[in-house]
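The primary structure of each chain is shown beneath.
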Amino acid sequence: MVRLYNLHPFGSQRVVPCGQEPGRFCCGRDVLFVASAAGSCRVEAFAVREQGRCEPLGAFATLGPVRRMAYSRAGDYLVTIEEKGKASFLRAYVNWRCMSGGSSRVCVRMVGHKMEESYRETLKEQMSIVEMPLSDPPLCISCCPVSGDLLVGCKNKLVMFCLKYVVINQNLTVLDFERSLILHIGNLIPTEVAFCAGRVAITTELDVLILKLELVQQHAARTERCARGDGAREEPLGAGVKDEGPSAHALQLELDEFIVCQKPVELLGEESARCEIPVTLESTELPTEHTKRFHVRYLLFRCFTPDQSPFGFCEETKLHSLQLLPVYQTGSSGTAQEETENKRELLSLFCFFSLPHAGYLYSVGKSVELISTYEYSEKSEQAVLTPQFLHVITRESLQCFTVRCSAAAARDEDPYIDTTMKACPPVALDVCTLRMQLFIGPRAICHFKNHIILLTKADTEDITERSKPARRMLSGKTDSIKSRTNSESEPGWNLYIINTVSTIQLYREMVEYSRTYENVGTESCVHLLSEAHLLVRAALLGPRSLRPDQEAELCRAFRESCAFLGDCYSRFDTKDYHLALPYYRMSGLPVAEVLKRTVSEGDETQTYERGFMFYLTHSLNEDLNEELTKESANKVLQIFCLADPVQLPHILCSPCMRNVCPSAAVKCLQQVEKMMPSVVLTLTKASMALRMGDLMMYEHEMDSYKETALACGFAGQPRLLRQRRDGAVVPTQLAAHLKETQPALLVAAAVALHENSKMHLEEADSFFKRLCRDSESAVPQLLVDFWEALLVVCSQEETLQQLLLRVISQYVWRISKRQLPETKPLKTTEDLINSCNHFGLIFPWVTCIMSAGSPSDKDCHEDISRLQSLLCGPSVDVAAVLPALEPLAGGAGLAVRVLSCSRRGQRGAAVEQLLRSCPRAAALYVQHELRGDRRTVWWNKLLPELCKRTRLAGNDCPALISSLKETLSVVAVELELRDFLSLLPEDGTAAFFLPHLLRCSQKQPLPHGSEGRLGSNTRSVLQ
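Scoring rules and cut-offs
- Residues numbered from 1 in each chain as written.
- Predicted model: local features only at pLDDT ≥ 70, side-chain atom pairs only at ≥ 80, totals over all residues.
- Heavy atoms only, no water.
- Helix = DSSP H or I, 4+ residues; strand = E, 2+ residues; numbered from the N terminus.
- Buried < 20%, exposed > 50% of the residue type's maximum accessible area, 1.4 Å probe, protein only.
- Contact = heavy atoms within 4.5 Å.
- Areas by Shrake-Rupley, 256 points an atom, 1.4 Å probe, with all protein chains shown as cover.
- Arc of directions from axis to C-beta.
- Phe/Tyr/Trp six-rings, centres within 6.5 Å; stacked < 30°, edge-to-face > 60°.
- Lys NZ or Arg CZ within 6 Å of the ring centre and 35° of its normal.
- Pairing = 2+ DSSP bridges.
- Axes fitted to C-alpha atoms, helices over the stretch in contact; angles between N-to-C directions.
- Expected span 1.5 Å × (residues − 1).
- Patch = residues over 30% accessible without salt bridge, like charges linked within 9 Å, V, L, I, M, F, W, Y side chains within 5 Å.
- Salt bridge = Lys/Arg side-chain N within 4 Å of Asp/Glu carboxyl O.
- Parallel < 35°, antiparallel > 145°, perpendicular 65-115°, else oblique.
- Left-handed = near helix turned anticlockwise from the far one by under 90°.
- Nonpolar A, V, L, I, M, F, W, Y, C, P; charged D, E, K, R; others polar.
- pLDDT = per-residue confidence, 0-100.
- Core = buried A, V, L, I, M, F, W, Y, C linked by side-chain atoms within 4.5 Å.

Participant: Sorry if this is basic, but what is going on with the overall build of the chain here?
Facilitator: The number of helices and strands found in the chain is 32 helices and 35 strands. Buried residues in the chain amount to 51% of all 1023 residues. Nonlocal contacts in the chain, meaning residues at least 24 apart in sequence, comprise 66% of its contacts between residues at least 6 apart. Carbon and sulfur atoms provide 50% of the accessible area of the chain, an area that totals close to 47,900 Å².

Participant: Teacher, can you tell me more about helix α9 (residues 591-598) here?
Facilitator: Working note: α-helix, 3.6 residues per turn, so residues spaced by three or four point in the same direction. Regarding α9, the residues found buried are Val591, Val594, Leu595 and Thr598. In an axial view of α9, the angular spread of the buried residues amounts to 105°, which keeps them on one side of the axis. Its buried side turned inward, α9 meets α7 (548-571), α8 (580-587), α10 (610-620) and α11 (630-643).

Participant: So what exactly am I meant to see when it comes to the packing of aromatic side chains here?
Facilitator: When we look at a pair of aromatic rings, we describe it by the centre distance and by the angle of the planes. For the structure on display, the rule yields 21 aromatic pairs. A centroid spacing of 5.1 Å and a plane angle of 80° characterise the contact between phenylalanine 767 and phenylalanine 768, whose relative ring orientation is edge-to-face. Phenylalanine 768 carries the same exposure label as phenylalanine 767, and that label is buried. Aromatic side chains phenylalanine 768 and phenylalanine 786 sit 5.4 Å apart centroid to centroid with 35° between the ring planes, which places their arrangement in the tilted category. Of this pair, phenylalanine 768 sits in helix α19 (residues 761-771) while phenylalanine 786 is found in helix α20 (residues 781-793), placing the two residues 18 residues apart along the sequence. A cation over a ring is seen here: arginine 302 above tyrosine 360, with NZ or CZ 4.4 Å from the ring centre.

Participant: Help me understand the sheet that holds strand β8 (residues 77-84) in this model?
Facilitator: Strand-to-strand pairing in sheets goes through backbone hydrogen bonds, with the strands running parallel or antiparallel. What the five strands build is an open sheet, ordered β7-β8-β9-β11-β10; its pairing is mixed. Two strands in the sheet have a free side with no partner beyond their single neighbour: β7 (66-72) and β10 (106-110). On average, each strand axis in the sheet is inclined to that of its neighbour by 25°, with strand direction left out of account. As paired elements, β8 and strand β9 (residues 87-94) share seven bridges and run antiparallel to each other. Each residue of the ladder has a partner; that of valine 79, found in β9, is alanine 92.

Participant: Would you take a moment to explain helix α24 (residues 861-872) for this structure?
Facilitator: End to end, α24 covers 16 Å across twelve residues, agreeing with the expected 16 Å (1.5 Å per residue, within 8%). Burial analysis of α24 places ten of its twelve residues in the buried class, which makes it a mostly covered element. When α24 is considered as a whole, its buried residues turn out to be Asp863, Ile864, Ser865, Arg866, Leu867, Gln868, Ser869, Leu870, Leu871 and Cys872. Taken together, the buried residues of α24 touch α20, α21 (797-817), α22 (829-835), α23 (844-851), α25 (878-885) and α26 (890-903).

Participant: For this particular structure, what's the right way to read the sheet that holds strand β1 (residues 3-4)?
Facilitator: The five strands lie next to each other as β1-β29-β28-β27-β26, forming an open sheet whose pairing is mixed. Edge positions in the open sheet fall to β1 and β26 (380-385), since each of these has one partner strand only. Where β26 and strand β27 (residues 389-394) come together, five bridges link them in antiparallel fashion. The residue bridging alanine 383 from the neighbouring strand is valine 392, located in β27.

Participant: Any chance you could explain a nonpolar patch on the surface here in plain terms?
Facilitator: Taken together, the side chains of Val646, Met675 and Met676 make up a nonpolar region of the molecular surface, amounting to roughly 310 Å² of accessible area. For methionine 676, the location among the structural elements is in the loop between α13 (662-675) and α14 (679-692).

Participant: Sorry, what's going on with the packing of α7 against α8 here?
Facilitator: When two helices pack together, their arrangement is given by the angle between the helix axes and by the axis-to-axis distance. Where α7 contacts α8, the two axes come as close as 7 Å, and the packing angle between them is 155°. Here α8 runs roughly antiparallel to α7, going by the angle between their axes. As for the relative orientation of α7 and α8, their crossing is left-handed in sense. Here α7 contributes Phe558, Arg559, Cys562, Ala563, Leu565, Gly566, Asp567, Tyr569 and Ser570 to the contact with α8, which in turn contributes Ala580, Tyr583, Tyr584, Met586 and Ser587. Among the residues forming the contact of α7 with α8, the class breakdown is nine nonpolar, three polar and two charged.

Participant: What am I meant to see in the confidence of the model for the chain here?
Facilitator: Any segment with low pLDDT has predicted coordinates that should not be analysed in fine detail. On average, the chain scores 82 in pLDDT, and the residues at 70 or more come to 77%. Under a pLDDT of 50 for its full length, residues 226-255 has, in the predicted model, 43 contacts with residues more than four places off or in other chains. Below a pLDDT of 50 lies the segment residues 463-490, which in the model reaches 39 contacts outside its immediate sequence neighbourhood of four places, other chains included.

Participant: Explain the nonpolar core to me, please; I cannot follow it from the model alone.
Facilitator: Among the nonpolar cores identified, the biggest contains 161 residues, and Leu616, Phe786 and Leu867 are the most heavily contacted of them. At nine residues, helix α6 (residues 522-540) tops the list of elements feeding residues into this core. Sequence-distant contacts of phenylalanine 786, that is, excluding residues within four places in its chain, are made with Val747, Ala750, Val751, His754, Leu761, Ala764 and Phe768. Grouped together as the second largest cluster of nonpolar side chains are 27 residues, Ile371, Cys405, Val427 and Leu429 included.

Participant: Please clarify how the pairing of strand β12 (residues 140-143) should be interpreted in this entry.
Facilitator: Note on strand geometry: in a regular strand, side chains alternate between the two faces of the sheet. Of the two faces of β12, the one carrying Cys140 and Ser142 and the one carrying Ile141 and Cys143 are both buried. Two strands pair when backbone bridges link them, and β12 and strand β13 (residues 150-154) are joined in this way by four bridges, in the antiparallel orientation. When the sheet's bridge partners are listed, cysteine 140 is paired in β13 with glycine 153. Between β12 and β13, which pair antiparallel and follow one another directly, the connecting turn spans six residues, one of which, glycine 148, has a positive phi of 85°.

Participant: Got a minute to help me understand the packing of α14 against helix α15 (residues 695-702) in this structure?
Facilitator: One way to put it is that α14 packs onto α15 with a least axis distance of 8 Å and a crossing angle of 165°. In terms of their interaxial angle, α14 and α15 are classed as roughly antiparallel. For the crossing formed where α14 meets α15, the hand is left-handed. Facing Thr682, Leu683, Lys685, Ala686, Ala689, Leu690 and Met692 of α14, the residues of α15 in contact are Leu695, Met697, Tyr698, Glu701 and Met702. A class-by-class count of the residues in the contact of α14 with α15 yields nine nonpolar, one polar and two charged.

Participant: What exactly am I supposed to notice about the environment of arginine 443 here?
Facilitator: Tracing the chain through its elements places arginine 443 in strand β30 (residues 442-448). Its relative accessible area of 39% is what places arginine 443 among the partly exposed residues. Arginine 443 sits 52 residues away from leucine 495 along the chain, and the two C-alpha atoms are 9.9 Å apart. Once residues within four sequence positions are removed from consideration, arginine 443 is found in contact with Gln382, Ile393, Leu455, Thr456, Lys457 and Asp459.

Listed below in structure tokens is the structure:
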């Protein structure tokens, strides 16, 4: 549906001072080209200044009447199709600006022709005409606005010429063209073509075909995705449309007296390959290593029937005004002079074409879809699409329609559109007619920047009926720079430059117009404000030449339009009420300002719509750095008591509500509690009681539930414990009180927050450090308690290893510094071993080492035992924590080093350390760690080492003798008598070794001749 408003998008108008009647014209950048009508072979060039003022730049002759013409901003050249003697010629006019300097020299050359040495230097001061011969007459042309390449439409084919920059020397670069590609298209005579960023659009009288030229590498990647099932299967080129209409062969068999029309067809994306129009590529450029290979992909095919038009006869139903409109994306808003063509990045691409009664706008960039359909009130002659408007001329008027290009491009540019963060009016929003400006006999139209070029020519009957000059239709001046006194110009033609009004001016008019619908037409009000928003968004999107003050004004208008749309969705009861939140966010308005705009002062009967409550609830549930005044906070309290009391406990925890009256809040909470009691509500009441200083009420509320339920309640509303200010985690008054009175509950609540993904480890660190900022330790004990409690429930391996490293580092730091915790730990080592699988029972040999340790180790016994328990457990990655263990010394250090070696499989090194530093623990270590296949260490390693060390130490080391006895006891049981006897030293004391020999001999008798191996006169065990 097309809505109709009476706005004023057109401003002043001026008359272009043409010397002869215009036949064709085109424009771009800052120039307007006008080709004279039939009978004259001349093109005039005009510089377009501010307010549409035209200054003649010069004129040049053409070979014949100009049938088609196009200007390319890339390369700054003009290309024409000229006719002479029933033959058509394709010519490009290069370096035409030298005419404005007074030079009349012209160089004519063939495309690709090598410039002669004699006139190379003169090219800088003369215009060059590049002739491009074709085997078939050219029918239509189009220049790519991105690359400057030229596409020429001929019967059954399209020819592409690549724009080249030929460097003659360091001071001279010449433009040239190279015929690079031919698209052979079967049974198709193009009436119009459009070319942009590899997309090719073609129209016949009733058919539209859009193709994409893909590099072979891109096509291969896309084919691979299709093979994996990521895309639709690609049909062979030229496959037929099944059941869409009679085939060409069937049509030929129809009787001559019948007119047979095909059914209307619309095929999008991969389906358009079934359109019965085969396309074959022929590369014509010289093959090099840099030659690009292309593949054709079908994007869209649409076939119309002549009986669709309500205007005129069937034969008058023809397509016109084919256009591809690119929308660019840039990182900055530099001026047009600063922006070169290759810096522009294509964001979106749109295709427009029109029938006499309707126009169609498609998006053909990242996806292919119909965006808008325009229904005209009268037969259209021509149309031109811009990022902001669609301008259409009919027999008697110039009409201005809104477009949805900016809405589609915004979604291509920003992935946060259509979320709670950002919004944009939908692409499917109804288009509207802003103005229907009367003109006599509009014939042709084109557009660039904020100018519309309009050719009007009155019919003979129109001229004779006019007894006086035509009424001025536009609000601005009509300035004829050069009056025409020639009688030949009397038949009433004019070439106008119409200036569109500034974006800000039209935006203000739309906003003012929308206020007439505020109380009577909700939908119309939202629609007009959406149009105003899209108008400003289109002006801000893509490359633009704006002064800083203009851009700042547009940004202010954009935020203002977001605020207006937020007002609509918050005040009106619409299905899209949730859009109030993203629009208010985009407006940048604080919550207090939105309250002033929405809430009426002193109106006790005011009702609050869903959109406003949705915005307010989500905003207050976020950690905003805004603090409402006492009056505003109490007003919010009143609003939620009336409109959404269930949300009240959560709202009162918002940082914005710090100044709310706690007694009033408690009264409201008590009312809510009667309807829907909850743990969160109870905790909120306790928090408010604490703020009032009512400890009795606080204790009563906290005693209402068990600690487990209270911890879950904190997980339901984390802001009861912590809030954020300027990005930092800040503990609440309730958290500070729990630290002093119920630290176990505080730690349990923090664990619940972490397990529910509402507090990360780094946030918890910051929370406890800020809460215990008076602690002398860099890591307060309460944080260590949290880490230990989290180890009990943690299931993620990555987080588990982080926790283990943190607690081990803290244990080691306190042991090495002889630093005791500032508060008593919530759990003992025994509690942790019983409740947490990551803490293991301390091995006996570790206890043996510690019993012989230094007295200083007893001062940190609790931390040492926790550290040893973790290393005795199954979870610690010893390689990761090894650097943290280095500072340890003494008995604790020895035990930790041996544990580390044992966990890493270095048991031989562990035995060496024990024999060297704590021999009496060596046997216990081997007995505990070396079982099964590792028992050979007893007689291969431990027994020889003990004998050796005992021999050297003598009787002065009872620990070695004790370990030797224990080792002999084990070996005597494990080995046969002969093997055991072979291990005994020859200089050993019989009395020492005899009991072990007797124990071993109980299995078998002593071998003959072995008695003499033990000496009987030694005074020591081993000498």
